[in-house]
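Per-entry structural report
Chain by chain, the residues:
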Amino acid sequence: TLGLIDEPCPHRRVSLEYGIPEVEGLRCPYHGWLFNHEGRCTEQPAEPWNSTFKERITTKAYPVQALGGLIFAYLGPQPAPLLPRYDLFVWDNVVRQAGVTLLPCSYLQCMENSMDPVHAEWLHGYYMDYVWSRKGQPIAPRFRARHKKIGFDRFDHGIIKRRVVEGGTEEDHAWSVGHPVVFPYTLKVSGTGGYNFQIRVPVDDTHTLHWYYSVYRPGIPISPQTSVPVYDIPFREPSGGFLTDFIIGQDMFAWVSQGAVTDREREHLGQSDIGVIMYRELLKAQLEVGARGEDPMEVYRDPAQNRCIVLPQEEALRVFFEREREMSARMRYQGASDKHGPLRSMVTGLFAEAEARLAGGEPLLPPIEPPGYPVGYMEHRSAVLIP
């Protein structure tokens, strides 16, 4: 049985992080007190056999639930809402893996980066080229096209990001469909062969647990995974400097180098920052909703609305990524955000099998069509950056 309880044992305050997991709970390593998933003490081995002391001992406990290979905990007020069943957590015929990093900065710095499309052409393009040229190694060209126009739409689950780049039009998926920032702390994007959620869990005011949850759907039947591997994504070199030779590492550098909590009174926002402003306004508005005792966005209580929440998602824009199909696997993964994941060879093999089946005339599983939210669906803001 899954459970989440307070770290200090209520007996002598020893850390239960080192507790012994047993069938019916977690046993304190110091004196053997046993606590179940509801935080109730069920055994006190050193107390008299007829003592009722244990019945008066509880520790703080939170409801938890497994979904998509992860374990989610609810720490808010009762009654607990439903755990949102977003598409990447519940799709079948996919392979999943999850990277995680503990970052010494506020989660808002990670989220505001997601509302800033223009950084991609510089941080992940121009700067990526610079880093790899200093290494004297080639890398597949990425993000070479400049942004002509950026746009943001409020929608049912948060904000949709849109862009038009040089060589593209508003008919492209990157503008007509876009990709979402799911309120309050999740970004959904598509990348090399898959999709991912970037989930920015605030630990406290100055620390964020960043999850890079990757889902690969090659289009062939796949047996369900028995477990989802979790791996560490490093963001610093042994010397202490930032690792900036891959995409998510560059993002982490941008977030963390602002400081634990960036001083927003000293920043200077421009036209390209309209998404950041829109997200801050949405966050303030939803805080006011919560302060009134009402449910903010993305709180689900009706199971009929929570079977599978399908989110909009454009496919990676070819002219934007400029990635050739025959690019070698080594070059493809040099700057990829999932380069540290353990399933690289497995995923590559599944996509190769899918291509072979398709070449042999065997149809692949039909694609999952995302819902369409037209420009101006709720509130729309845009800025022309290059005429």
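As the structure is a computational prediction, the values presented were derived from the model and not from experiment.

The omega torsion across Q78 and P79 is 0°, close enough to zero to call that bond cis. Tracing the backbone through its elements, the reader meets P79 in the loop between strand 8 (70-73) and helix 1 (87-90). Phi at N93 takes a positive value of approximately 60°, unusual for a residue other than glycine. As for its position among the elements, N93 is in the loop between helix 1 and strand 9 (95-103). Residue classification places N93 among the partly exposed positions, given a relative accessible area of 21%.

Judged from the 4 bridges that link them, strand 7 (residues 64-67) and strand 8 form a sheet pairing that is antiparallel. Bridged to V64 within strand 8 is A73. Hairpin connection from strand 7 to strand 8: 2 residues lie between these consecutive antiparallel strands, with G68 at a positive phi of about 65°.

If a probe the size of a water molecule is rolled over the atoms, the empty space left behind becomes visible. If you walk through the whole model with that rule in mind, you get 3 cavities of 30 Å³ or more. In terms of lining, the largest cavity is formed by D87, W91, K188, Y195, V310, L311, Q313, E315, I368, E369 and P370. For the lining of the largest cavity, the residue count by class is 6 nonpolar, 1 polar and 4 charged.

Another point: the packing of aromatic side chains. For the coordinates displayed, the defined rule picks out 13 aromatic pairs. An angle of 35° between the planes, with centres 6.0 Å apart, marks the rings of Y127 and Y130 as tilted. Here Y127 pairs with Y130, and both are found in helix 3 (residues 119-135), just 3 residues apart, close to one helical turn. Residue Y130 is classed as partly exposed on the basis of its relative accessible area, which comes to 41%.

With that out of the way, let us pick up the confidence of the model for the protein. When the pLDDT values of the protein are averaged, the result is 91; 93% of them are 70 or greater. Mean pLDDT in the protein bottoms out at helix 7 (residues 318-321), which sits at 36, and peaks at strand 4 (residues 34-35), which reaches 98.

Turning our attention to the sheet that holds strand 3 (residues 25-27). The sheet built from 4 strands is open, its strands ordered 2-3-4-5 with antiparallel pairing. Only two strands of the sheet have a single neighbouring strand rather than two, namely strand 2 (20-22) and strand 5 (41-43). Pairing of strand 2 with strand 3 involves 3 bridges; the strand directions are antiparallel. Note that in strand 3 the partner of I20 across the bridge is R27.

Cut-offs and rules
Residues numbered from 1 in each chain as written. Predicted model: local features only at pLDDT ≥ 70, side-chain atom pairs only at ≥ 80, totals over all residues. Heavy atoms only, no water. Helix = DSSP H or I, 4+ residues; strand = E, 2+ residues; numbered from the N terminus. Buried < 20%, exposed > 50% of the residue type's maximum accessible area, 1.4 Å probe, protein only. Pairing = 2+ DSSP bridges. 1 Å grid on protein atoms, 1.4 Å probe; cavity = no way out; pocket = protein on both sides within 12 Å on 5 of 7 lines; lining within 4 Å. Points joined across faces, edges and corners; volume = space filled by probe spheres on them. Nonpolar A, V, L, I, M, F, W, Y, C, P; charged D, E, K, R; others polar. Phe/Tyr/Trp six-rings, centres within 6.5 Å; stacked < 30°, edge-to-face > 60°. pLDDT = per-residue confidence, 0-100.

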